[in-house]
Amino acid sequence: MPDTDASGPMSLDDATAHIHDAIPIVGAMGIRVLDGGVGHATVELPAGPNGNHFGVLYAGSLFTAAELLGGLIPRTTFDLEGELAGYVPLVKSSEIKFLKPALGDVTATARLAPEEAERVRREALEKGKSEFVLYAEITDGQGNVVATTRGLYQLRKLG
């Protein structure tokens, strides 16, 4: 998203607005895109609307922030308006490991290696779909990893 706009790179604010329009609950959660480009993305999850009954961030909010990266990274990595028009990223499965209580705002970051991105692109064009795995880390303001995720995603042609 930040890298793919016909008039030039999409701003992070525009990418955030796009996500909030596409998935309204993400807007209510206050998730913002902090970084996005070929093979990488980072989002911020604010503590405010995402707290739970005992003063830490709600597990479902942490999960959502990390899972969202599986939609962002394909949009910043693949040409979904050109060569791969009609393809969408889908989540097939995901797991999360909670390592520490999450206090305050957190960020979720994931990366897709260039050689893996190229494999996914080729396979999707050949077969109409391709699976890929993303590992994300959720970190607090002090840089402590509070949770990790492993998501199995698919880039798939619809229709």
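This is a predicted model, so every value here is computed, not measured. (Residues numbered from 1 in each chain as written. Predicted model: local features only at pLDDT ≥ 70, side-chain atom pairs only at ≥ 80, totals over all residues. Heavy atoms only, no water.)

(A) The arrangement of the overall build of the protein in detail. Counting secondary structure elements, the protein contains four helices and six strands. Ordered by position from N to C terminus, the α and β elements of the protein give α-α-β-β-α-β-β-α-β-β. The C-alpha atoms of the protein give a radius of gyration of 15 Å, which matches the 15 Å a tight globule of 159 residues would have. Dimensions of the protein, computed from the C-alpha atoms along their principal axes, are close to 50 × 30 × 25 Å. When burial is assessed residue by residue, the protein has 40% of its 159 residues classed as buried. Once local pairs closer than 6 in sequence are excluded, the contacts in the protein between residues at least 24 apart make up 63%. Working note: accessible area of the protein is about 8000 Å², and carbon and sulfur atoms make up 54% of it. If you average the places of the 14 positive and of the 21 negative side-chain charges in the protein, the two averages end up 9 Å apart. (Helix = DSSP H or I, 4+ residues; strand = E, 2+ residues; numbered from the N terminus. Rg over C-alpha atoms; globule rule 2.2 N^0.38 Å. Buried < 20%, exposed > 50% of the residue type's maximum accessible area, 1.4 Å probe, protein only. Contact = heavy atoms within 4.5 Å. Areas by Shrake-Rupley, 256 points an atom, 1.4 Å probe, with all protein chains shown as cover. Lys, Arg positive; Asp, Glu negative; His and termini not counted. Charge placed at Lys NZ, Arg CZ, Asp CG, Glu CD.)

(B) The nonpolar core, seen in detail. Within the largest apolar cluster, 38 residues are counted, with the highest numbers of intra-cluster contacts made by Val 43 and Leu 155. Counting residues per element, the ones that place at least two in this core are α1 (12-22), α2 (24-29), β2 (40-45), α3 (59-77), β4 (106-111), α4 (114-127), β5 (129-140) and β6 (145-157). When residues of this core are assigned to their parent elements, the largest contribution, seven residues, is made by α3. (Core = buried A, V, L, I, M, F, W, Y, C linked by side-chain atoms within 4.5 Å.)

(C) Structural view of the packing of aromatic side chains. For the structure shown, the criterion picks out one aromatic pair. For the pair Phe 132 and Tyr 153, a centre-to-centre distance of 5.7 Å together with 20° between the ring planes defines the contact as stacked. Here Tyr 153 lies in strand β6 and Phe 132 lies in strand β5, a separation of 21 residues in the sequence. A relative accessible area of 3% means that Tyr 153 is categorised as buried. (Phe/Tyr/Trp six-rings, centres within 6.5 Å; stacked < 30°, edge-to-face > 60°.)

(D) Structural view of the sheet that holds β4. Here six strands make up an open sheet; going across it, the order is β1-β2-β4-β5-β6-β3 and the pairing antiparallel. On the outer flanks of this sheet lie β1 (32-37) and β3 (87-98), each paired with one strand and no other. Sheet twist, expressed as the average angle between the axes of neighbouring strands with direction ignored, equals 20°. Pairing between β1 and β2: five bridges, direction antiparallel. Counterpart to Gly 37 in the pairing with β2 is His 40. Packing against the sheet, α3 makes contact with β1, β2, β3, β4, β5 and β6, and its axis sits at approximately 150° to β2. Across the sheet, α4 is in contact with β3, β5 and β6; its angle to β5 comes to roughly 145°. (Pairing = 2+ DSSP bridges. Axes fitted to C-alpha atoms, helices over the stretch in contact; angles between N-to-C directions.)

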